[in-house]
Amino acid sequence: MRKIEHIGIAVKKLSMAVPVYEKLLNTKCYKTETVESEYVKTAFFRVADSKIELLESTTPDGVIARFIEKKGEGLHHLAFAVEDIDAEMKRLEKEGFVLLNKEPKEGADNKLVCFLHPKNTTGVLIELCMEKK
Ligand code: ZN
C-alpha cells in the first residue's frame with residue numbers, strides 16, 4: 001500500500017456537505033462525479049497528498065443510503081492507493097480478508113477499486129484503489 005488515497009464520508013446531501021468541507025478545509029471542491037454503477041454522487045477535496053471523498057446516495061436503497069440509515073452520516077471507508085490492484089487482491093485474499101468484489105471495478109476519479117469486508121478489518125470498510133492507466 002502506497003498511501004491513504006482518500007477518506008470516504010457518507011453524507012445525506014452534497015449540497016449541504018460540500019460548503020461545510022469547503023469552509024473546513026479552506027479549499028474548493030475540485031470535482032464532482034456520479035458513479036452510476038454504485039448509485040453514488042461524489043465530491044472530492046484535496047488535502048495535501050490525500051483526498052476527502054463525500055458520498056451521497058442517488059437512490060433511497062443504495063449502499064450509502066442504507067449506511068446512513070443504520071449509522072448516520074460520517075466516516076464510511078478508508079482508501080489505500082496500490083500499485084497493482086490484482087496482486088494486492090490476491091495477497092489479501094490469501095491473508096484471509098474477504099473481498100467484496102472478485103474483480104477490480106470502476107470507481108470514481110479514474111480508479112479501479114476493490115472493497116474489503118469490514119468484519120476482518122476491525123470494523124473499517126477498506127478500499128483499494130489503483131489509478132487507471
Ligand atoms: Zn472511495
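Residues numbered from 1 in each chain as written. Predicted model: local features only at pLDDT ≥ 70, side-chain atom pairs only at ≥ 80, totals over all residues. Heavy atoms only, no water.

## Notes on the nonpolar core
Consideration 1: Counting 11 residues, the largest nonpolar core is built from Val82, Ile85, Met89, Leu92, Leu99, Leu112, Cys114, Leu116, Ile126, Leu128 and Met130.
Consideration 2: If you list the elements that add at least two residues to this core, you get α3 (85-94), β7 (111-116) and β8 (126-131).
Consideration 3: Of all hydrophobic cores here, the second largest spans 10 residues; its members include Ile9, Leu14, Ala43 and Leu54. (Core = buried A, V, L, I, M, F, W, Y, C linked by side-chain atoms within 4.5 Å. Buried < 20%, exposed > 50% of the residue type's maximum accessible area, 1.4 Å probe, protein only. Helix = DSSP H or I, 4+ residues; strand = E, 2+ residues; numbered from the N terminus.)

## Re the side chain of Thr59
Consideration 1: With respect to the helices and strands, Thr59 occurs in the loop between β4 (50-57) and α2 (63-71).
Consideration 2: Thr59 sits in the buried class, given a relative accessible area of 17%.
Consideration 3: A polar atom in the side chain of Thr59 sits 3.1 Å from the backbone nitrogen of Gly62.
Consideration 4: Discounting residues that sit within four places of it in the chain, Thr59 has contacts with Tyr39 and Ala65. (Polar contact = N/O pair within 3.5 Å; in protein donor to acceptor, adjacent residues only side chain to side chain. Contact = heavy atoms within 4.5 Å.)

## Concerning unusual backbone geometry
Consideration 1: One non-glycine residue, Ala48, lies in the positive phi region at around 50°.
Consideration 2: Position of Ala48 among the secondary structure elements: in the loop between β3 (40-47) and β4.
Consideration 3: Given the relative accessible area of 80%, Ala48 is considered exposed.
Consideration 4: Of note in this structure, Asp109 is not a glycine but carries a positive phi near 60°.
Consideration 5: Considering the arrangement of structural elements, one finds Asp109 in the loop between β6 (105-107) and β7.
Consideration 6: The buried category is assigned to Asp109, whose relative accessible area is 8%.

## Describing the coordination of the zinc ion
Consideration 1: Looking at the zinc ion, one finds its protein donor set to be His6 (NE2), Glu53 (OE), His77 (NE2) and Glu127 (OE), positioned 2.0 to 2.2 Å from the metal centre.
Consideration 2: In this structure, the zinc ion is surrounded by 4 donor atoms whose angles at the metal cover 85 to 174°, and the resulting shape is irregular.
Consideration 3: Summarised as a motif, the one-chain spacing of the donors to the zinc ion is H-x46-E-x23-H-x49-E. Taken together, the residues Glu53 in strand β4 and Glu127 in strand β8 connect sequence positions 74 residues apart.
Consideration 4: You can call Glu127 buried: its relative accessible area is 5%. (Donors = N, O, S within 2.8 Å, 3.2 Å for Na, K, Ca; no water. Tetrahedral: all angles 85-135°; square planar, octahedral: opposite > 155°, others 65-115°.)

## Structural notes on the sheet that holds strand β1 (residues 3-10)
Strands in a sheet are paired, the pairing made by backbone hydrogen bonds, and the direction either parallel or antiparallel.
Consideration 1: Sheet architecture is open: 8 strands sit in the order β2-β3-β4-β1-β5-β8-β7-β6, paired in mixed fashion. Sheet topology places β2 (31-35) and β6 at the edges, where each strand pairs with a single neighbour. In this sheet, neighbouring strand axes are inclined to one another by 35° on average, regardless of whether the strands run parallel or antiparallel.
Consideration 2: Where helix α1 (residues 14-25) meets the sheet, it contacts β1, β3 and β4, and its direction lies at approximately 5° from that of β3.
Consideration 3: Its contacts with the sheet put α3 on β7 and β8, and the angle it makes with β8 is roughly 155°. (Pairing = 2+ DSSP bridges. Axes fitted to C-alpha atoms, helices over the stretch in contact; angles between N-to-C directions.)

## A closer look at the packing of aromatic side chains
To describe a pair of aromatic rings, you give the distance between the ring centres and the angle between the ring planes.
Consideration 1: Under the criterion given, the structure shown has 2 aromatic pairs.
Consideration 2: With 6.2 Å between their ring centres and 40° between their planes, Tyr21 and Phe45 make a pair best called tilted. Of the two residues, Tyr21 is situated in helix α1 and Phe45 in strand β3; the sequence distance between them amounts to 24 residues. The pair Tyr21 / Phe45 is uniform in exposure class, with both members buried.
Consideration 3: Measuring from ring centre to ring centre gives 6.2 Å for Tyr30 and Phe44, while their planes differ by 45°; the resulting arrangement is tilted. Pair noted here: Tyr30 is in the loop between α1 and β2 and Phe44 is in strand β3, with a separation of 14 residues, a long-range link. (Phe/Tyr/Trp six-rings, centres within 6.5 Å; stacked < 30°, edge-to-face > 60°.)

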